[in-house]
Each structure stands twice: as C-alpha cells, then as structure tokens.
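# Results of the structural survey
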Amino acid sequence: MVGYQFMGKMHSHAYRDIPFFFDPKVKPVLQAISGRNESAVKEAAEKMGWASYETDWRRLIERDDIDVIDIVTPNHTHAEIAIAAAEAGKHIITEKPLALTVEEAERMYEAVKKANVTHMICHNYRFVPAVQYARKLIEEGRLGRIFHVRANYLQDFIIDPSFPLVWRLKKEVSGSGALGDIGAHSIDLARFLVGDFKELVSTMETFVKERPIGEMSGGLSAKAEGDEMGEVTVDDATCFLARFENGALGVFEATRFAGGNRNKNKFEINGEKGSIRWDMENMNNLEVYFADDEPGLQGFRLINVTEEVHPYVGAYWPAGHIIGYEHSFIHLLYEFLNGIVEGTSPKPNFEDGVINQKILAAVEKSAETKQWITL
Ligand SMILES: NC(=O)c1ccc[n+]([C@@H]2O[C@H](COP(=O)([O-])OP(=O)(O)OC[C@H]3O[C@@H](n4cnc5c(N)ncnc54)[C@H](O)[C@@H]3O)[C@@H](O)[C@H]2O)c1
C-alpha cells in the first residue's frame, strides 16, 4: 500500500476484516506499506498491522514478495505508481479519481491491459448494500423506463475561509475540486444505476479564492502552516445537467459549501413504475415507491437493507443490526481479491475510471465554454 492516512487506514482495515466476515478466494497478507516520512510510516505500519515498511513506493514495486499495489495517495501520483506497478506485473487497486487527466487515465488503462493484471478503482459507494439492492430493482425492471436521476453530493468541510490550502484545493495535485473529489462518485453511481452519459452542460464556482497554506491531517481535517496565503485553483462547487443514452435526464450537484451536510451523498431515481431514494447519511435505508401499490397505501416505503436476502449484509449481523461506511470498502476489496484469483477486473475498473475521467473533463470544458458537450 502506498499512503497511510484517511484511505490508507480505510483499506488496511478492510483487508483485515475481509477474511473475518467473508471467504475470499485468496487471503490478503499485509506485507508492506510505504510513505515518505520514516517515523510516521513505521508507526502506521505497526498500528495498522503491516509486516514491513518502505520510504519509497518504488521499493514496493521492486519487491518479489508483493503481488498487489494499493494506491491511496493524492490524485497526481496515481498514474506514475499504477503504470510502474503494471509494468512489474502487480495487480492494482487505486483510489478515485483515476488520474488528473483523460490522457493519463488512458495510459493507465493501456498499461494494465498490456500487463494483463487485475485492476479496480475505488468507487466504494457502489458497494453499499442499499445501493446494490437499488441496482437489482432497476435491473429487474421494477422502475420501468427511467426518466430522472437527481444526485447531490454535499459536504461542508471547507466553508471556513481559514481552512487551509490543502492538496484537495490545488489543481496540479487533485485535478479538480468538488467535481473530482465527490462529483466523481455521483457520476459513477449514475453510470452504475442508470447507464451511460450522452451529453452535459455545467457551471462551476470557487467561492473562496485564497487560503492559508497547509496540509491534510487525517480524515477531512487539516492544519495551516502559518499566515502565508495561496491561490485556490479548483472548484468549490459544480452543478451540471445531463442526458443519458437511454433518454433519462440527470441533475447533478457537488459542493463542499453546503453547510450542515457532512457527507450527504444522495440520489433519487424516478421511473414510469416507481422511484428510489438513497442518502449516505442513512446508508442502510432505501426508500422505494411503486406506482402499482394499492390506492390509499401509495407513497415511499422505508426498507432497512439488512436482511439476509440483501447483498453482502448476510455476512454480518442479524437484520436491523446495521453496518457503516467502512463496510463498502470491505465489499469492494473482497471483489478485487476474488478478481485476482479469477483473472478478471471486477467493475468499477480502470475502464470505468477512464469513462469517469472523460465525464469530469467534459464538465470542466462545458463550464469554460458555456456549451453542451457530447460524450
Ligand atoms: N473512496 C472514497 O470515498 C475516498 C475518500 C477520501 C479520499 N479518497 C481518495 O483517496 C486518495 C487519498 O486521499 P486521502 O483522503 O487518503 O488523503 P490523505 O491526505 O489523508 O492521505 C494521503 C497519503 O498519501 C501520502 N502522500 C502524499 N503525497 C505523496 C507523494 N507524492 N508520494 C507518496 N505518498 C504521498 C501522504 O503522506 C498520506 O499518507 C485520493 O486519491 C482521494 O481522492 C477516496
């Protein structure tokens, strides 16, 4: 694993829990973790259960006792690490977004195809049981023809103008702001649930244009380094409209300025026979409405997606004994491990990462040109 903070902790935890709850076709061995600061990476290795550490990711790639590279570093590092890992024949899981640009993303996809290794991108929200179940209902035709997808991903952790200029706010490190950090998840969910995008039109805004220099300090917290200010070079908020190949219309909003919304990743899908709503802050629940319900009893019903018949949750606790954010990563990495044994790259993989990156690029281009963009 390369990196050991927010997502490093998340993936480390998931690998440890997978064989506890599931029977993967291969068991992960936490062999080595890398980071640039020796004392910090040593401490992380001990705490999270890694057998050894390196202070340069290139050393991980050279090692014969490592089969998988897990990339949990900022976005500008993904391409170089993934391409080097593929050339060394390692299987790869990388955090999202795949890269900074479409060109980089395509090179990464070419490299994994050429090396014939298993690859996945970590759009974990697909693996929330309620979201998997929503997909099943849509696939079974329970909503009929889809008319609308309405997706908002709302956070509020950078509203305070004294929140520092961390890597997430620098275009050369992150690619884009709210768009690539959280909007990319909504795009992936819409592709998973509704289908492929056809065209879109967007607008983007940066509300706070300068911030004190600083760095992330775990989770979504950060520390300023002093009084020196720097320019914010990404969007604070992005909104866009889309048309899908199947004729559905989409309305999307990604912002880190929606006060009171800590991680409100939500969607509503309306079809001719019914509707579905989901919200990450109540992630075990799915709201469903079916137009053929008896008159007088019509309306959204609330399903607690924790029954044995629901995806993944049968591996945990009795119905109603709910699960959390970290479980979405357990499910995704469980599929990744099985993919390695089966010689497949479960979705979402680098191909999905490239398509997602093209949509991110189209959103940026549309905001700049004030035109609809065809994908
Ligand atoms: N799937 C999700 O829901 C989700 C959530 C958060 C972050 N992410 C993604 O995960 C990745 C990491 O985000 P994070 O929140 O864990 O970041 P973070 O700032 O908490 O941790 C980044 C880690 O990378 C290391 N690092 C930074 N620059 C490096 C470099 N040049 N070379 C080697 N190591 C370097 C840091 O020391 C740290 O260990 C990003 O791509 C981000 O978009 C995904």
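Everything that follows concerns the structure shown earlier in this document.
This write-up is about the structure you can find in this document. (Residues numbered from 1 in each chain as written. Predicted model: local features only at pLDDT ≥ 70, side-chain atom pairs only at ≥ 80, totals over all residues. Heavy atoms only, no water.)

### Quick notes on the side chain of S176
Looking at the secondary structure, you find S176 in the loop between α7 (171-174) and α8 (178-193). A distance of 2.9 Å separates a polar side-chain atom of S176 from the backbone nitrogen of G180. When near neighbours in sequence (up to four residues on either side) are disregarded, S176 contacts R168, V234, D235 and E364. (Helix = DSSP H or I, 4+ residues; strand = E, 2+ residues; numbered from the N terminus. Polar contact = N/O pair within 3.5 Å; in protein donor to acceptor, adjacent residues only side chain to side chain. Contact = heavy atoms within 4.5 Å.)

### So, the pairing of strand β14 (residues 285-290)
Only one face of β14 is covered, namely the face carrying L286, V288 and F290; the face carrying N285, E287 and Y289 is uncovered. As defined by bridge partners, strand β13 (residues 274-279) adjoins β14 across four bridges and the pair is classed as antiparallel. Note on β14: the bridge partner recorded for G274 is F290. In this structure, the hairpin formed by β13 and β14 is closed by a connection of five residues. As paired elements, β14 and strand β15 (residues 301-304) share four bridges and run antiparallel to each other. Counterpart to L286 in the pairing with β15 is I303. (Buried < 20%, exposed > 50% of the residue type's maximum accessible area, 1.4 Å probe, protein only. Pairing = 2+ DSSP bridges.)

### Let's talk about unusual backbone geometry
Here the bond from K96 into P97 is cis, since omega is -15°, no more than 30 degrees from zero. The topology assignment puts P97 in the loop between β4 (91-94) and α5 (102-115). With an omega dihedral of 0°, the bond running from K347 to P348 counts as a cis peptide bond. Looking at the secondary structure, you find P348 in the loop between α9 (325-342) and α10 (350-369). Of note, the phi angle at N116 is positive, near 55°, even though the residue is not glycine. By the secondary structure assignment, N116 is in the loop between α5 and β5 (119-121). Positioned with a positive phi, K370 is a non-glycine residue whose angle comes to about 55°. Along the polypeptide, K370 turns up in the loop between α10 and β16 (373-374). The class of K370 is exposed, set by a relative accessible area of 69%.

### Comments concerning the site of the ligand
In the neighbourhood of the ligand, 23 residues make up the surrounding shell, with M7, N75, K96, W167 and R168 lying closest. In the model, an oxygen atom of the ligand is placed 3.5 Å from a nitrogen or oxygen of the Q5 main chain. With respect to the ligand, the side chain of E95 contributes an N or O atom lying 3.0 Å from a nitrogen atom. Coverage of the ligand by the protein amounts to 90% of the 850 Å² it exposes when considered alone. At the level of secondary structure, the elements contributing two or more residues to the shell around the ligand comprise α1 (6-21), α8 and α9. Among the residues forming the shell around the ligand, the class breakdown is 10 nonpolar, eight polar and five charged. (Near = heavy atom within 4 Å. Areas by Shrake-Rupley, 256 points an atom, 1.4 Å probe, with all protein chains shown as cover. Nonpolar A, V, L, I, M, F, W, Y, C, P; charged D, E, K, R; others polar.)

### Focus: the packing of helix α4 (residues 78-87) against α5
Contact pair α4 / α5: the axes reach a minimum separation of 9 Å and the direction vectors enclose 15°. Classified by the angle their axes make, α4 and α5 are roughly parallel. The way α4 lies across α5 gives a crossing that is left-handed. Contacts from H78, A79, A82, I83 and A86 of α4 reach α5 at E104, R107, M108, A111, V112 and A115. Of the residues contributing to the contact of α4 with α5, the split by class is eight nonpolar, one polar and two charged. (Axes fitted to C-alpha atoms, helices over the stretch in contact; angles between N-to-C directions. Parallel < 35°, antiparallel > 145°, perpendicular 65-115°, else oblique. Left-handed = near helix turned anticlockwise from the far one by under 90°.)

### Thoughts on the sheet that holds β4
The strands making up a sheet associate through backbone hydrogen bonding, with each pair oriented either parallel or antiparallel. Here we have three strands laid out as an open sheet, ordered β3-β4-β5, and parallel in their pairing. Edge positions in the sheet fall to β3 (68-71) and β5, since each of these pairs with one other strand and no more. Between one strand and the next, the sheet's axes are offset by a mean angle of 10°, whatever the strand orientation. Across four bridges, the pairing between β3 and β4 is parallel. The residue bridging V68 from the neighbouring strand is H91, located in β4. Strand contacts of α4: β3 and β4, with the helix running at about 175° to β3, the strand carrying the most contacts.

Limitation: the analysis is restricted to geometry and does not speak to function.
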